[in-house]
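Spelled out from the first residue to the last, the chains are:
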Amino acid sequence: MAKKQKRLNKIWVRIFLVVFAITVMSDVIWQYKRYEVLQAQLAEINEQIAEENKKANDFAARKEYYNSDAYIEQIAREKLGLVKSNEILYINRAQ
């Protein structure tokens with residue numbers, strides 16, 4: 001009877017170990033899949049960050065240009081029709 005009990009215990013231990021191994025492996029696989037999803041999201045977010053940084057740099061460059069004397073002079077000439085005091089304005093009416 002004792003041999004039968006030991007044999008039965010060994011079987012239960014083996015069953016437990018197999019179930020435990022399957023559980024651990026499935027958890028590892030699930031975590032790896034989740035890791036891949038998170039890596040893809042991270043890559044997407046890093047790409048968005050790069051795009052936003054590029055936009056911010058473009059805006060900063062435009063802001064700098066809009067605050068420059070050259071832009072202010074251009075707008076004064078084109079939109080307001082202003083000229084410098086030593087310039088002569090020629091209007092071509094043939095167009």
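Read on for a plain summary of the structure. (Residues numbered from 1 in each chain as written. Predicted model: local features only at pLDDT ≥ 70, side-chain atom pairs only at ≥ 80, totals over all residues. Heavy atoms only, no water.)

Take the overall build of the chain next. Within the chain, the regular secondary structure consists of two helices and zero strands. For 95 residues, the compact-globule estimate of 2.2 N^0.38 gives 12 Å, and the chain exceeds it by more than 25% at 38 Å. Taking the principal axes of the C-alpha coordinates as reference, the chain spans close to 120 × 25 × 10 Å. Of all 95 residues assigned to the chain, the portion counted as buried reaches 1%. Counting only carbon and sulfur atoms, one obtains 61% of the accessible surface of the chain, whose full area is about 9,500 Å². (Helix = DSSP H or I, 4+ residues; strand = E, 2+ residues; numbered from the N terminus. Rg over C-alpha atoms; globule rule 2.2 N^0.38 Å. Buried < 20%, exposed > 50% of the residue type's maximum accessible area, 1.4 Å probe, protein only. Areas by Shrake-Rupley, 256 points an atom, 1.4 Å probe, with all protein chains shown as cover.)

Bringing the pattern of salt bridges into the picture now. Evaluated as defined, the whole model comprises four salt bridges. Among the ionic pairs, Lys 55 bridges to Glu 52, the shortest N-O distance being 3.6 Å. With Lys 55 and Glu 52 both in helix H1 (residues 2–66) and three residues apart, the pair spans about one turn of that helix. According to the relative accessible area criterion, Lys 55 is partly exposed, its value standing at 44%. We note a salt bridge from Glu 73 to Lys 84, for which the minimum N-O separation is 3.7 Å. Of this pair, Glu 73 sits in helix H2 (residues 69–78) while Lys 84 sits in the segment after H2, and the two are 11 residues apart along the sequence. (Salt bridge = Lys/Arg side-chain N within 4 Å of Asp/Glu carboxyl O.)

Quick look at the environment of Ile 49 now. With respect to the helices, strands and loops of the structure, Ile 49 is situated in helix H1. For Ile 49, a relative accessible area of 43% gives the class partly exposed. Along the sequence, Ile 49 and Ile 88 sit 39 residues apart, while their C-alpha atoms lie 50 Å from each other.

The subject of this paragraph is a nonpolar patch on the surface. Taken together, the side chains of Val 13, Phe 16, Leu 17, Phe 20, Val 24 and Val 28 present a nonpolar region at the surface, about 550 Å² in accessible area. Note on placement: Leu 17 falls in helix H1. (Patch = residues over 30% accessible without salt bridge, like charges linked within 9 Å, V, L, I, M, F, W, Y side chains within 5 Å.)

Moving on, we come to the packing of aromatic side chains. On inspection of all chains with the given rule, the structure shows five aromatic pairs. Between Phe 16 and Phe 20, the ring centres sit 6.1 Å apart and the planes meet at 20°, which makes this aromatic pair stacked. Placement of the pair is Phe 16 and Phe 20 together in helix H1, with a separation of four residues, close to one helical turn. The exposure class assigned to Phe 16 is exposed, which follows from its relative accessible area of 54%. Through a chain of ring-to-ring contacts, three or more aromatic side chains come together here, namely Tyr 65, Tyr 66 and Tyr 71. (Phe/Tyr/Trp six-rings, centres within 6.5 Å; stacked < 30°, edge-to-face > 60°.)

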